[in-house]
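Each chain is listed here by its residues.
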Amino acid sequence: GGNELAVYLAMYVVVILSLFLHTQSLVLKGLLSVPIILTYYCILFLFSRSGYLAAVVGCAVIGIMKNKTVLIGIIVLIISWQSLLPVAVKERIEMTKNEEGYDGTIQQRFGMWEFGKEIIIASPFLGAGVNAAHFINITPEGFGGQVWHSFHNAYLQQAVETGLVGLAIYLWIFTLMLLIAWRLYRATDEWFDKALGLGLMACVMACLAGNIAGGYWNYLSVVGHMYVLAGLAMDSLINLEKAKATSQAKKEKIS
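The following paragraphs examine the structure supplied in this document.

Rules used in this analysis
- Residues numbered from 1 in each chain as written.
- Predicted model: local features only at pLDDT ≥ 70, side-chain atom pairs only at ≥ 80, totals over all residues.
- Heavy atoms only, no water.
- Phe/Tyr/Trp six-rings, centres within 6.5 Å; stacked < 30°, edge-to-face > 60°.
- Lys NZ or Arg CZ within 6 Å of the ring centre and 35° of its normal.
- 1 Å grid on protein atoms, 1.4 Å probe; cavity = no way out; pocket = protein on both sides within 12 Å on 5 of 7 lines; lining within 4 Å.
- Points joined across faces, edges and corners; volume = space filled by probe spheres on them.
- Helix = DSSP H or I, 4+ residues; strand = E, 2+ residues; numbered from the N terminus.
- Nonpolar A, V, L, I, M, F, W, Y, C, P; charged D, E, K, R; others polar.
- Core = buried A, V, L, I, M, F, W, Y, C linked by side-chain atoms within 4.5 Å.
- Buried < 20%, exposed > 50% of the residue type's maximum accessible area, 1.4 Å probe, protein only.
- Contact = heavy atoms within 4.5 Å.

**A few points about the packing of aromatic side chains**
The full count for this structure, using the stated rule, is 10 aromatic pairs. Between W191 and F192, the ring centres sit 5.9 Å apart and the planes meet at 85°, which makes this aromatic pair edge-to-face. Taken together, Y155, Y170, F174 and W217 form an aromatic cluster joined through their ring pairs. Here the guanidinium or amino end of K194 rests over the ring plane of Y185, the centre of that ring lying 4.6 Å away.

**Digging into the layout of surface pockets**
Roughly 960 Å³ of internal volume is contained in the largest pocket. Every residue lining the largest pocket is counted, 35 residues in all, and those nearest its centre are Y52, L53, A55, V56 and I93. Put simply, the parts of the chain that give the lining of the largest pocket at least two residues each are α1 (2-22), α2 (26-44), α3 (49-65), α4 (68-84), α5 (87-94) and α6 (104-122). Top contributing element to the lining of the largest pocket by residue count: α4, with eight residues. For the lining of the largest pocket, the residue count by class is 24 nonpolar, eight polar and three charged. A volume near 190 Å³ is recorded for the second largest pocket. Around the second largest pocket, the lining comprises 14 residues; the ones closest to its centre are N131, Q157, Q158, E161 and N218.

**Some points on the nonpolar core**
The biggest cluster of nonpolar side chains holds 60 residues, and the ones touching the most others in it are M11 and M226. The set of elements that each furnish at least two residues to this core consists of α1, α2, α3, α4, α6, α7 (154-187), α8 (191-210) and α9 (220-254). A total of 11 residues in this core trace back to one element, the largest contributor, which is α7. Look past the residues within four positions of M11 in its chain and what remains in contact with it is C203, A206, C207, V222, V223 and M226.

**Some remarks on unusual backbone geometry**
Here the phi dihedral of F47 falls at roughly 55°; this positive angle occurs in a residue that is not glycine. A positive phi angle, near 65°, is found at N131, a position not held by glycine. Locating N131 in the fold gives a position in the loop between α6 and α7.

Listed below in structure tokens is the structure:
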């Protein structure tokens, strides 16, 4: 679907953006700029508010950690989005809230979340069971008995299905990926490893942001590459630690 695709693109384009900012090769910068431009163009016209949020958060991480120009660009966009964005995109954002309140899709989400909170209260620690949401008829109050099989919030849905214990485990996994990315980014002097570390950090944060109004982090087609990136980052970090240990051992042997 459009939401899943938008979050997917927002998660991984920041890895390419990180490579673009770290490489010194003008040829490589030119090649990388093509998928970056086309991907953000696609995100714009997928009309997914989850995708927009994921894209902004991912770029903000890049801007804070590496290039303040990116951060300034985000600030300018947030301030002047009504004049900078295409009309269709602007209308999609503006329909989130109007003079009468939130639009129907937002109100439905509030209803789903209230429905989910009741289930969490009934079984707060272990939840209703893995993948249980697909077998629960989620009926937001006030929408004529319309049935959903997703809570449209990964945090809430994880708590419903696996309890607060399961949610804590999931968040710990994301925290570990952020720690691996941070350690690699700080420890290495190789441009590619630095780009990988920063890209993974931005990717994870984009994922966390994109799942606030949707439940996509259990879709392997969406998050699978993130785990591959985490594995690559971990491998680079282990090799770096081994190289440092070997170098230290040689120095001690000489002395």
